[in-house]
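Below, each chain spelled out in residue letters.
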Amino acid sequence: MDEHIEDDERDALAALSSSAARRKTHSYSQQLRTGSGQKRQHQVRKHSLDEDRIPKNIERYYNNHDSSDDDFYPHSAAAGFPPKSGSFSSGAGEYLSHRLDQNLCTDSPKESRPSLAEFIGSGGGAGIFKVPVRAGVHPGRPPCLELRPHPLRETQVGKFLRTIACTETQLWAGQEGGVRVWNTADAYEPGWGVGGRIRRGDEDAAPFLESVNTSPTMCLMVDPANRLVWSGHKDGKIRSWKMDQTLEDSPFKEGLSWQAHRGPVFCLTISSYGDLWSGSEGGVIKIWPWESMEKSLSLTQEERHMAALLVERSFIDLRSQVTINGVCNISSSDVKCLVSDKVRAKVWCAAAVSFSLWDARTRELLKVFNIEGQIENRVDVQSGTDQQVEDEMKVKFVSTSKKEKSGGFLQRSRNAIMGAADAVRRVAKGAGGAFTEDNKRTEALTITSDGTIWSGCTNGFIVQWDGNGNRLQDFQHHPSGVQCFCSFGERVYVGYLSGTVQVLDLDGNLLAGWVAHNSPVIKMAFGTDYVFSLATHGGIRGWTIASPGPIDGMLRSELAAKEPVCTRRDNFKILIGTWNVGQGRASPEGLKAWLGSAATDAGIVVVGLQEVEMGAGFLAMSAAKETVGLEGSSIGQWWQDTIGKSLDEGTTFERMGSRQLAGLLIAIWVRKNLRTHAGDIDASAVPCGFGRAIGNKGGVGLRLRIYDRIMCFVNCHLAAHLEAVNRRNADFDHIYRNMVFSRSSNLLNNAAAGVTTAVQNIRGSNAGNGDEGKPELSEADMVVFLGDFNYRLHSISYDEARDFVSQRCFDWLREKDQLRAEMKAGKVFQGMREALIRFPPTYKFERHQPGLAGYDSGEKKRIPAWCDRILYRDNRASVTGECSLECPVVASILQYEACMEVTDSDHKPVRCKFSVDIAHVDRSVRRQEFGEIFRSEKIRTVVEEYRRVPETIVSSNSISLQNQETAVLKISNKCVKDNAVFQIICEGLSAVKEEGQGSEQRPRGSYGFPRWLEVTPAAGIIKPDQFEEVSVRHEEHQTQDDSADGIPQNWWSEDTRDKEVVLMVNIRGSRSNQTKTHRVSVRHTFTAPRPTRIDSKSKSSKKIHGGSSINRSDFRQLSSSSSSDAHDDHRYLHSP
């Protein structure tokens, strides 16, 4: 049978070619009738494109034919043959790739179906249509340690990471359900893998420990002196966690905890004197004195409630202290950042557009100033009308009067647009011009080693301040908003909203920058060998402190050699379906014929519908809903549910997300056994109708991450009518350039990470440094366009088209296809591929009329056309390409057909099945390989260069002070080349006994100084062969806040006995992760008489505003207090 068909094809081709010169004056249908019999015409449509089936003499017809007949020949270069040598240009659309599927198919190994021939559009090799660059090792950034590879968003519900902090040997992370900790010694160990004892999403992460469930963690602060990590939580509590947790303690429990605020604890810091400062909403700042925390930490587990109560009563409310007659001198905005300036013993507090500067020892307000550096005397209370305006927006388009409903489409559209504009004006007015200030909002704050303060803004500007709050300079190296800082040595790392990380010197000069993550970098922390960055998606990467530098090239080459060990390849099938349903509903038989049988071996099913619901009223309401972030309709939901039932949703497939824009709907289903590797669903919609505002025409898209690769599916409905070719081209270009993905309200398993959300320039996991303005679709590994593109057949009559269709001569009809002509010219769908069409035109039909006789036979007699199409682009930059880490996604088309038996619409549904090969990296294995490389002798030699510490000399190792005396400690840098970075901390405090011996030393919080000691400056940079003089002074200071019941709170120990402290002068190099320490003993001899009582009446009034201290009598008073005292205690516990 096959041989017979082959002979008939050859005869038909010979007959066609022999009469080619006589065809100019005849129609296509007439020529077919004169050229051969009916049987032979039937065989022409099935001709093969294989060269061994082409007549040997056919080339002479290409060399000798008239140029006016070029489009007529079915086997010209435009129709399927590769051009001669030298005639092929880059991106030539007329080249057809017809190859066997050489991929390993894991889903159905018995299947050997060859892939279909493809037509490739021109213009895909340049600009925004260029295939994104991929590589086994990212070429545009330093090699990094993937401590926690990017987890799928859907796996992180209730476990999103919000912040990180580093100790000397650990990395701590705050998450929505508590905290977790990684030991750096285990950083290179493999993960537990799929099916291990760890939850989904962390299979490839390095081994870690996790705490018991708590309220979401908002911030972390490390206290190395007491081996504690403090965490602030959304429920207003502050909790402590012990370092050095063991496996037996997992999930480990908290230590001391207490109710600190009514609202979330946004930030924590420990001052130079060991006090814990916390910031919350409404501008509330509280201080938790170290003395009360120390007592509580010393209590046993059985006394935990007593310990929490002791700390809760000890707070000092700074906002209350600076409020006079109901007017507060500091901002009422939420406290975003707290930074301890240990150089000058101050604390910086940052709100959105203002700062307050405090003395860490006296706890007095020093200065309030705005982001421009201008001093503010008073901050107005935030307006309370925002919520009311927001509520008005939400209901703006819900209620519509009968009079409005009776109007025409244009009137309702105008009402919707005017309503949206009015809502925007109301919000702008109610916010008091907040829109104009939004780009100047402070998002991050840090102190550098030279003592300057850096603040980062949402517009990408970085502002430098001196220690007194004077603005020094501002600069911008990146247009995206600043999210976080990390200061280390003489470098400052900046994390941006775009996912970029930059390295700056202390003068603000840009040293390096790279795309660290494909989502915002929300926190950075310095560890022993790495600077770690946390992205909103929960991925954590470690960047070596030697980067950027020669070590990057060494690591990159070594990792490239390990590529075969780390590479994994997978194969699955994708079924794509598109259908213009014409506001109708499908029958169960129609859906089964369209999707049922074809989905049996598909791993992913994507369905795009057009004209789900139309009409002027619906389109206007849809546009109004879009302005307030609403979407979808009951009919759209019916379609999703009905299709889901046909796919056996819930048992075989899982629906992952959808997006509807007016009559456009796209939805995606993933097979259960593939669901572990697929997620991060995002959606987008781009309207193209009525001034690019109404969704009767446009595109809706879904973005999916699978096996760490990005795939985008876009359902389009372009401009109609035969002559509107340029409008259709413009619609595609508008959709391609403006499709920006974000989380949709219709995405299933959608969870908020509790961090700033913004429009991102998505970059694939192995993308190079792309242009900032590059469309998101251009950065995807695979893009599929489907829908009713509305391209028609040109230069052909209705009767001729019907004639060709009835004879199934689709090769001839393809030459009249507008879309193919435009793609060939590089005007639309540049560089995209489509299988050769071998099915009848899918438009336009009479409903419920079976067979080809159902084409429109009414008055208009619309010419049949292939309006409904499916095109794609993968990672191949050339016609062919093998699947590898450099070309990670390679697809081929196994099936491309229309379901002509379905008659529920004037369009026929179309389906296309892809076989997709994906190459990806086993992150767990590569982390192991990275560890072996990093610990190798070759790399360690380079790293050791960054461990060198400059030689320094301290003038004395012992200082003795009397009351209010000052001594000078001289620190000299003997190195002639490197700067020395120093920091002075207090190792411990002890009271001197009568025998002259000191008691056991007790460190304060974060090695803070005792209140009677001033060390200035306590940190800084010493240039080569220079020195720094440090003032060590005894300061006698007593305030009302330091007394309880008129008696100084620590008169029995700190203020009346001789004391001794050990100062540690820690020295580091400008980029060193090692420290050398000089110890200096400071002894103070007390000679003054015991302080007199302080007026208790004044003290009592101060306590009402939140200040209360704990002394020894508290242990007795808590159990025997009067009812009035109990009432006061209750008031303190619930004070703001």
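Criteria and thresholds
- Residues numbered from 1 in each chain as written.
- Predicted model: local features only at pLDDT ≥ 70, side-chain atom pairs only at ≥ 80, totals over all residues.
- Heavy atoms only, no water.
- Pairing = 2+ DSSP bridges.
- Helix = DSSP H or I, 4+ residues; strand = E, 2+ residues; numbered from the N terminus.
- Axes fitted to C-alpha atoms, helices over the stretch in contact; angles between N-to-C directions.
- Contact = heavy atoms within 4.5 Å.
- Phe/Tyr/Trp six-rings, centres within 6.5 Å; stacked < 30°, edge-to-face > 60°.
- Buried < 20%, exposed > 50% of the residue type's maximum accessible area, 1.4 Å probe, protein only.
- Lys NZ or Arg CZ within 6 Å of the ring centre and 35° of its normal.

Peer 1: Just checking my understanding: could you explain the sheet that holds strand S36 (residues 664-671) for this structure?
Peer 2: Strands in a sheet are paired, the pairing made by backbone hydrogen bonds, and the direction either parallel or antiparallel. Strand order in the open sheet formed by six strands is S35-S36-S34-S33-S44-S43, with mixed pairing between adjacent strands. The sheet is open, and its two borders are formed by strand S35 (653-661) and strand S43 (889-898), each paired with just one other strand. Along the sheet, successive strands turn relative to each other by an average axial angle of 15°, direction set aside. In the sheet, strand S33 (residues 567-580) pairs with strand S34 (residues 604-610) via seven bridges, with the strands oriented parallel. Residue Leu 575 lies in a different strand from S34, and its bridge partner there is Val 605. Running at roughly 25° to S36, helix H16 (residues 634-646) makes contact with S33, S34, S35 and S36 of the sheet.

Peer 1: I keep staring at the packing of aromatic side chains and nothing clicks. Help me out?
Peer 2: Remark: the centre distance and the inter-plane angle together describe each pair of aromatic rings, the angle taken between the planes. According to the stated counting rule, one finds 35 aromatic pairs in the structure shown. When the centroid spacing of 5.8 Å and the interplanar angle of 70° are considered together, the rings of Trp 230 and Trp 258 count as edge-to-face. Of this pair, Trp 230 sits in strand S9 (residues 228-233) while Trp 258 sits in strand S11 (residues 257-259); the two residues are 28 residues apart in sequence, bridging distant segments of the chain. Side by side, Trp 230 and Trp 258 carry an identical accessibility label, which is buried. Judged by centre distance (6.3 Å) and plane angle (90°), the ring pair of Trp 454 and Phe 485 falls under edge-to-face. Residue Trp 454 is found in strand S23 (residues 453-457), and its partner Phe 485 is found in strand S26 (residues 482-488); the two are separated by 31 residues along the sequence. The same class applies to Trp 454 and to Phe 485, which are both buried. A network of ring pairs unites the aromatic residues Phe 129, Phe 732, Tyr 736, Phe 785, Phe 789 and Phe 829 as a single cluster. Across from the ring centre of Phe 315, 4.4 Å away, lies the NZ or CZ of Lys 286, which sits over that ring. One Lys or Arg, Lys 1059, reaches over the ring of Trp 1012 and ends 5.4 Å from the middle of that ring.

Peer 1: Would you mind showing me how to read unusual backbone geometry here?
Peer 2: If a residue is not glycine, its phi is most likely negative; likewise, a peptide bond is most likely trans. A cis amide bond, omega -5°, links Ser 547 with the succeeding residue Pro 548. The residue Pro 548 is located in the loop between strand S32 (540-544) and helix H12 (550-561) in this model. Note that the residue after Tyr 843, namely Lys 844, is joined by a cis bond; omega there is 0°. Positive phi outside glycine occurs at Arg 363, with the angle close to 60°. With respect to the element layout, Arg 363 can be found in the loop between strand S20 (354-359) and strand S21 (365-370). Residue classification places Arg 363 among the buried residues on the basis of a relative accessible area of 6%. Although it is not a glycine, Tyr 1007 adopts a positive phi angle of roughly 55°. Mapping Tyr 1007 onto the fold places it in the loop between strand S48 (980-991) and strand S49 (1013-1016). For Tyr 1007, a relative accessible area of 22% gives the class partly exposed.

Peer 1: Explain the sheet that holds S20 to me, please; I cannot follow it from the model alone.
Peer 2: Pairing in this open sheet of four strands is antiparallel, and the strands run S18-S19-S20-S21 from one edge to the other. Of all strands in the sheet, those bounded by a partner on one side alone are strand S18 (337-341) and S21. Taking the axes of each pair of neighbouring strands and ignoring which way they run, one obtains an average angle of 15° across the sheet. In terms of strand pairing, strand S19 (residues 346-350) meets S20 through five bridges, oriented antiparallel. Across the sheet, the residue bridging to Trp 348 is Leu 357, located in S20.

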